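Overview (structure and organization)
The residues making up each chain are set out below.
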Amino acid sequence: MSFIIRWIVTAIAVAAAVWIVPGIQVIGGDAAWVSIALLALILALINMSIKPVLQVLSLPISILTLGIFYLVVNTLLLLLAAWLANGLFHAGIWIEGFGSAFLAAIVISIVSTIVNSIVGPTD
């Protein structure tokens, strides 16, 4: 159940990023929510599997930058999720460049934090 809640929270955060950040467009036909849900699923799976490893590997740089480098890790994972969704399913989001992805990663982090605080802790 916790994965489904995490997936829904990520989908809400991705939808907010698509709506707020310029340079991001939804790919995949008329049903934008399907593309956002697919990207959120891939992003949630990446965040559960690859992100902890990357955070440990980037720990020295993150300590030097006082944690700001975690935003770069989130940006790279968002770009990876968008690339996988577009390559495998021809759906998801199109990101114009690193700057748009960086802003989207910030928006996704903020919205995820707010929605997670509303939803409550998941087991």
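Treat the numbers as computed from the prediction; the structure is a model and nothing was measured.

From N to C terminus, the protein chain includes 6 helices and 2 strands. Moving toward the C terminus, one meets the helices and strands of the protein chain in the order α-β-α-α-α-α-β-α. Along the first, second and third principal axes, the C-alpha atoms of the protein chain reach 45 × 35 × 25 Å. Taking all 123 residues of the protein chain together, 36% fall into the buried category. Considering only contacts within the protein chain whose residues lie at least 6 apart along the sequence, 74% involve residues at least 24 apart.

Moving on: the packing of aromatic side chains. Aromatic ring pairs: the centre-centre distance and the angle between the two ring planes describe each pair. Applying the stated criterion across every chain, the model contains 1 aromatic pair. Geometrically, the ring pair formed by phenylalanine 98 and phenylalanine 102 is stacked, given 6.3 Å between the ring centres and 25° between the ring planes. Placement of both phenylalanine 98 and phenylalanine 102 in helix 6 (residues 98-119) is noted, with a separation of 4 residues, approximately one turn of the helix. By relative accessible area, which is 42% here, phenylalanine 98 ends up partly exposed.

Positive phi, close to 60°, is recorded for leucine 66, a residue that is not glycine. Residue position: leucine 66 is located in the loop between helix 4 (59-64) and helix 5 (69-89). The exposure class assigned to leucine 66 is exposed, which follows from its relative accessible area of 77%. For histidine 90, which is not glycine, the phi dihedral falls at a positive 55°.

Turning next to a nonpolar patch on the surface. A grouping of Ile50, Val53, Leu54 and Leu57 is seen on the molecular surface, where their side chains present a nonpolar patch of about 340 Å² in accessible area. Looking at where valine 53 falls in the secondary structure, it is placed in helix 3 (residues 51-57).

The next subject is helix 5. With 21 residues, helix 5 extends 30 Å between its outermost C-alpha atoms, agreeing within 8% with the 30 Å of an ideal straight helix rising 1.5 Å per residue. Buried within helix 5 we find Val73, Asn74, Thr75, Leu77, Leu78, Ala81, Ala82 and Ala85. In this structure, the buried side of helix 5 is in contact with helix 2 (32-49), helix 3, strand 2 (92-95) and helix 6.

Another point: the confidence of the model for the protein chain. Averaged over the protein chain, the pLDDT score is 90; the fraction of residues at 70 or greater is 96%. Mean pLDDT values over the elements of the protein chain span from 89, in strand 1 (residues 24-27), up to 94, in helix 6.

Definitions and limits used
- Sequence order sets the numbering: in each chain, residues are counted from 1 along the sequence as written.
- Selection of residues for local features in this predicted model requires a pLDDT of at least 70, selection of side-chain atom pairs for listing and counting requires 80 or more, and totals for whole chains, interfaces and linings are taken over all residues.
- With hydrogens and water set aside, each side-chain value is computed from the structure's full complement of heavy atoms.
- Numbering goes from the N terminus for both helices and strands, where a helix is a DSSP run of H or I of at least four residues and a strand is a run of E of at least two.
- A 1.4 Å probe rolled over the protein chains alone gives each residue an accessible area, and that area as a share of the maximum for its type sets the label: buried under 20%, exposed over 50%, partly exposed in between.
- Should any heavy atoms of two residues lie within 4.5 Å, those residues are counted as being in contact.
- Two aromatic rings from Phe, Tyr or Trp, using only the six-membered ring of Trp, form a pair when their centres are within 6.5 Å; if the ring planes differ by under 30 degrees the pair is stacked, by over 60 it is edge-to-face, and anything between is tilted.
- What makes a patch is a set of residues exposed beyond 30% relative accessible area and free of salt bridges, joined within 9 Å when like-charged and within 5 Å when nonpolar (Val, Leu, Ile, Met, Phe, Trp, Tyr).
- Only the protein chains shown count as covering a residue, and every accessible area follows the Shrake-Rupley method with a 1.4 Å probe.
- In the sections that follow, a salt bridge refers to a side-chain nitrogen of Lys or Arg positioned within 4 Å of a carboxyl oxygen of Asp or Glu.
- In this analysis, the expected span of each helix is defined as 1.5 Å times one less than the number of residues it contains.
- Each residue gets a pLDDT score, which is the predictor's confidence in that residue and runs from 0 to 100.

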